[in-house]
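# Understanding the architecture of this molecule
Chain by chain, the residues:
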Amino acid sequence: MLINKLTSTFGDHSSLLPLFTKDVVNSAGMTAFSYDAGGKIEAKDRFIDEFGTQAIWMGGLPFFKWAFDKTVYKMAKMAPDVDVRLLKDKDQYSVAQKYAQSLENKKYSETLVDSYKNIKKAKGLFFGKFAAATALTLASFFTLVKVKQHYTKKQIEKQFWAKKSEEHFYNDKVAKSPAFKAFMHSEGVQGSASKNVSFKGQSLGAVLKGFMFDPVQNLFIVDAGITGERLVNSRTKTEFAETAIKEGSLLFFLYCAGKFVQEGIEKLSEMFGKPIGLHAEVLASSDLHKSIKSGKVNSDIKAVTDLADNKKALYEFIYDSKNADNIVIKAAKQSKIIKTIVNGTRLEKLKGKAVDTGIINPHQYINPEEILGVANNIKKLSAKAPAGEKLGDFLKSCRNMKIGSVAANMGITCLFLGLIVPYSMMKYREKQQNGNKEFHVQSEIEKQLEKNFKGRIA
C-alpha cells in the first residue's frame with residue numbers, strides 16, 4: 001500500500017526524502033516572504049539561492065559519487081558497492097563471503113574477495129569518493145553564491161539607472177512641457193509639488209499607468225559548509241543575522257528536531273499501549289499478523305536475541321536462507337536494515353519497477369544493533385497485542401498511529417520552516433530597519449550608486 005511505503009520512507013531518519021520535502025517548504029516560505037517584503041529583486045535573489053542550493057544540495061552528492069564510481073573506481077578496477085565496514089569486520093566478511101559463494105551470480109563473491117585482498121585501496125577509494133563528492137558539492141554551491149550575488153547586483157543597478165533615466169526624462173522633458181504645466185494647473189497641483197514627484201518603490205509605468213555512510217549525515221556536512229559560506233559572504237550585517245536565524249533553524253529542524261519529535265511521539269504512544277517503533281509497512285504486513293497470531297513471534301525473537309553476544313553466530317543466522325521466514329529477518333528486510341539484491345536498470349529502480357529478489361546483498365554491511373532493535377520493537381508490540389480477532393484491529397490502529405505520528409512530525413517541522421522562521425526573519429528585519437521591510441542589500445547598493453551618481457553630476 002502506497003501510504004504505508006510513504007510513511008516508512010518519511011519516518012526513516014536515514015532517508016533523504018523527508019529532508020527534501022522540508023527544505024522545499026522552507027524555500028517556498030522564504031521566497032514568498034522575500035517577495036512580500038522586498039519585491040521582485042529580493043524574491044529572485046532568494047529563489048535562486050534557495051532552490052539553486054537545493055538542487056546542488058540534493059543532486060550534487062549523488063551525482064559526484066556516481067561520477068567517481070564510473071571513472072576512478074572503474075580505472076582502479078574495484079567494485080564501488082562493497083561497503084568498507086564489511087571488509088573491516090572479519091566475522092561478517094567471512095560469513096558474507098561464504099554466503100556469496102552459494103549465489104548463482106558469482107560476481108558478488110569475486111568482487112568481495114578482490115576488495116578484501118585490496119582493502120587499503122578499497123578504503124582509500126571510499127574515503128576519496130566521500131571527500132571529493134563533498135568538496136565538489138560545496139564548490140558548486142560557492143560558485144552559485146558568487147553568480148547569484150553578481151546577478152542580483154546587476155539587476156539592482158539596472159533598475160536604479162532605469163529609474164534615474166525616467167526621472168531625468170520627466171524633469172527635463174515632461175515637466176517643462178507647456179501642455180503638461182497647463183494640465184497640472186487645471187488639476188490643482190501646485191508647481192512645487194510637481195518638482196518632487198516620488199518614484200520610490202514604483203516604476204514609470206506605476207506612476208503614469210498603474211556524514212559518510214549515512215546519506216543524511218553526509219548532507220549535514222554539506223549543509224554546515226553551506227551555512228558557513230552564507231555567513232561569510234553575507235553582504236550586510238542584517239543579512240548576516242537573518243542568515244544565522246534561517247540556517248540555525250534549518251539545521252535544527254532538518255537534522256535534530258524530527259528525530260526528537262518522532263521518538264517523543266513513539267514513547268507517548270507506547271505509554272498508551274500502542275508501540276509504534278516499527279515501520280508502517282511492517283505494522284501493516286500480513287507476515288507480522290500471522291506470526292503474532294500463531295505465537296511463532298516469540299521463538300523468532302528468541303532465536304535472534306539469544307545470539308546478541310555472539311556476532312559471528314548472529315551473522316550466520318541472518319545469512320542462512322533457512323531463517324528467511326523469521327519475522328525479525330523479514331521485518332529488517334522490509335525496513336531496509338538488511339538490503340536485498342534488486343534486479344533492474346537504474347531507471348527501473350527509480351521508477352520502482354525493478355524486481356526485489358529477497359536475496360541478501362553480500363556487499364552490504366549489516367549492523368547487529370539495528371537487527372536487535374527490530375527484535376526489541378517486535379517484542380514490545382507482541383507483548384501488548386490482544387489475542388483472537390482483536391489482533392487485526394490492534395495492528396491496524398498501531399499502523400494508523402504510526403502514520404499520524406510521521407504526518408504530525410512533518411507538519412510541525414514544515415510549519416516552523418515554511419512559516420514561523422521566514423516570519424521571524426522579516427520581523428527581525430523590520431525591527432533593525434525601524435519598521436522598513438525593504439531588501440537591505442538593495443538599499444545598500446542603491447545608496448552607493450546614488451553617491452556615485454551625485455559625484456558624477458557635481
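The coordinates are above.
Residues numbered from 1 in each chain as written. Predicted model: local features only at pLDDT ≥ 70, side-chain atom pairs only at ≥ 80, totals over all residues. Heavy atoms only, no water.

Moving on to the overall build of the protein. A count of helices and strands for the protein gives 20 helices and 2 strands. Relative to its full complement of 458 residues, the protein shows a buried share of 41%. A total of about 24800 Å² of accessible surface is found on the protein, and carbon and sulfur atoms cover 59% of it. (Helix = DSSP H or I, 4+ residues; strand = E, 2+ residues; numbered from the N terminus. Buried < 20%, exposed > 50% of the residue type's maximum accessible area, 1.4 Å probe, protein only. Areas by Shrake-Rupley, 256 points an atom, 1.4 Å probe, with all protein chains shown as cover.)

The residue Lys77 is not glycine, and still its phi comes out positive at about 60°. Locating Lys77 in the fold gives a position in the loop between helix 2 (17–76) and helix 3 (84–88). Positive phi, close to 65°, is recorded for Lys336, a residue that is not glycine. Relative to the assigned elements, Lys336 resides in the loop between helix 16 (327–334) and strand 1 (340–343).

This part is about a nonpolar patch on the surface. Together, Ile412, Leu415, Phe416, Leu419 and Ile420 make up an exposed nonpolar region whose accessible area comes to about 390 Å². Examined against the element boundaries, Ile420 turns out to sit in helix 19 (residues 390–432). (Patch = residues over 30% accessible without salt bridge, like charges linked within 9 Å, V, L, I, M, F, W, Y side chains within 5 Å. Salt bridge = Lys/Arg side-chain N within 4 Å of Asp/Glu carboxyl O.)

Let's shift gears to the pattern of salt bridges. For the coordinates displayed, the defined rule picks out 10 salt bridges. The closest approach of N and O atoms between Lys380 and Glu270, which form a salt bridge, is 3.7 Å. Note that Lys380 is positioned in helix 18 (residues 368–384) and Glu270 in helix 11 (residues 237–271), a separation of 110 residues in sequence. Of the residues examined, Lys380 reaches a relative accessible area of 29% and is grouped as partly exposed. Among the ionic pairs, Asp287 bridges to Lys330, the shortest N-O distance being 3.4 Å. Remark: Lys330 occurs in helix 16 and Asp287 occurs in helix 13 (residues 286–294); sequence separation between them is 43 residues. Taking relative accessible area as the criterion, Lys330 reaches 22% and is therefore assigned partly exposed. Salt bridges here are not isolated pairs; linked through shared partners, they connect Asp287, Lys296, Asp300, Asp325 and Lys330.

Attention now moves to the side chain of Glu266. The residue Glu266 is located in helix 11 in this model. Since its relative accessible area comes to 18%, Glu266 is described here as buried. Residues within four places of Glu266 in sequence aside, it is in contact with Ile276, Gly277 and Lys402. (Contact = heavy atoms within 4.5 Å.)

It is at 9 Å that the axes of helix 11 and helix 19 come closest, and there the two elements cross at 160°. What the angle tells us is that helix 11 and helix 19 run roughly antiparallel. Note that helix 11 runs across helix 19; the crossing there is right-handed. (Axes fitted to C-alpha atoms, helices over the stretch in contact; angles between N-to-C directions. Parallel < 35°, antiparallel > 145°, perpendicular 65-115°, else oblique. Left-handed = near helix turned anticlockwise from the far one by under 90°.)

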